[in-house]
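Architecture at a glance
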Amino acid sequence: MNLYETMFKRRSVRKFLNEKLSELELNEIKDYLNGIKQLSGCTVRFELSTGEAVNDNHAPHYALAYCEPLTLEYINAGFVIQEFDLWLQAKGLGSLWLGLARPKSKTERQEYAIMIAFGKTEVPLRKGEQDFKRVSVLEMSNEDNKIARTARIAPSAVNDQPWKLTFSENKVNIDYFGRGPLKFILKKKMSKFDIGIVTRFTELALLNEGKQIVSITPIDKGNTFGTEIVFEG
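These notes cover the structure that comes with them. Because the structure is a prediction, the values reported are computed rather than measured.

Thresholds applied
- Residues numbered from 1 in each chain as written.
- Predicted model: local features only at pLDDT ≥ 70, side-chain atom pairs only at ≥ 80, totals over all residues.
- Heavy atoms only, no water.
- Pairing = 2+ DSSP bridges.
- Helix = DSSP H or I, 4+ residues; strand = E, 2+ residues; numbered from the N terminus.
- Axes fitted to C-alpha atoms, helices over the stretch in contact; angles between N-to-C directions.
- Contact = heavy atoms within 4.5 Å.
- Phe/Tyr/Trp six-rings, centres within 6.5 Å; stacked < 30°, edge-to-face > 60°.
- Buried < 20%, exposed > 50% of the residue type's maximum accessible area, 1.4 Å probe, protein only.
- Lys NZ or Arg CZ within 6 Å of the ring centre and 35° of its normal.

Next up on the list: the sheet that holds strand β3 (residues 94-98). In space, the 4 strands of this open sheet follow the order β1-β2-β4-β3, with antiparallel pairing throughout. Lying at the two open borders of the sheet, with one neighbouring strand each, are β1 (45-49) and β3. On average, each strand axis in the sheet is tilted by 20° relative to the strand beside it, whichever way the strands run. Bridge analysis of strand β2 (residues 61-66) against strand β4 (residues 112-119) gives 6 bridges, and the strand direction is antiparallel. From the neighbouring strand, Y62 faces β4, where its bridge partner is A117. Lying on the sheet, helix α2 (residues 23-35) is in contact with β1, β2 and β4; it crosses β1 at an angle near 165°. Sheet contacts for helix α3 (residues 71-90): β1, β2, β3 and β4; angle to β3, the most-contacted strand, approximately 160°.

Structure follows, in structure tokens:
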């Protein structure tokens, strides 16, 4: 499967096999992760770790993200890690975003952002779009089209889907739009990663439709945030 196809099959995996990947496999994973293109002006760095170094025992392996504690950087981190998440699952591995886990070392927590657990699993992928529980397309978009339907199935913290897509000529604006009782808490950090996640889904959907991406710009307006995707074709 390619990344686009994987979006319709991915699943958050909470049960991993107690089997570590080989050094060769981990080096391939590290090279791919570090090679993912980041949003302009943003920088997130990664470190692969094991459960012994974090306060979590879900999986044999973890990718920890570090960046400045800024809105644009968190959006970028979500954007980058979501490609990594899809790539892992396309290779047959399981993965799980972890918002509450932390590095055990206090010195590593200063610019720690978020982590994703990964490893071998026997948990099957979803069968298709019908297996996702999400809000309706028109609750999160001004148009019901293939791009919006793809963005709809993006993962988010507590399945909050804190975004609103607005389509105009050769442009998609993705704005924060909190839902649910936790929206004010999640807005402080987790929803910023979520905006990056849904931006990646939207980008891949546009590319699948033959569009050429001109630019993807993260936006911080102080009281709200989002991204703008400009495309051609």
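Let us look at the sheet that holds strand β5 (residues 163-168). As summarised here, the arrangement of the 4 strands in space is β5-β6-β8-β7, forming an open sheet in which the pairing is antiparallel. Edge positions in the sheet fall to β5 and β7 (212-220), since each of these pairs with one other strand and no more. Sheet twist, expressed as the mean angle between neighbouring strand axes with direction ignored, is 15°. Bridge count for β7 against strand β8 (residues 225-232) is 8 bridges, and the pairing is antiparallel. Residue I216 lies in a different strand from β8, and its bridge partner there is I229. Contacts between α3 and the sheet are confined to β7 and β8, with β7 contributing the most and set at about 140° to the helix.

On inspection of all chains with the given rule, the structure shows 7 aromatic pairs. Here the aromatic rings of F84 and W87 are separated by 6.4 Å at their centres, their planes lie at 20°, and the arrangement is stacked. Here F84 and its partner W87 are both found in helix α3, 3 residues apart, which amounts to about one turn of the helix. By relative accessible area, W87 is classed as buried at 13%. Judged by centre distance (5.9 Å) and plane angle (85°), the ring pair of F84 and F118 falls under edge-to-face. Pair noted here: F84 is in helix α3 and F118 is in strand β4, with a separation of 34 residues, a long-range link. Here F84 matches F118 in class, with each residue buried. Grouped by ring-pair contacts, the aromatic residues Y32, F84, W87 and F118 constitute a single cluster. Sitting over the face of the ring of F132, R126 holds its NZ or CZ atom 4.0 Å from the ring centroid. The ring of F79 carries R200 above its face, with NZ or CZ at 3.6 Å from the centroid.

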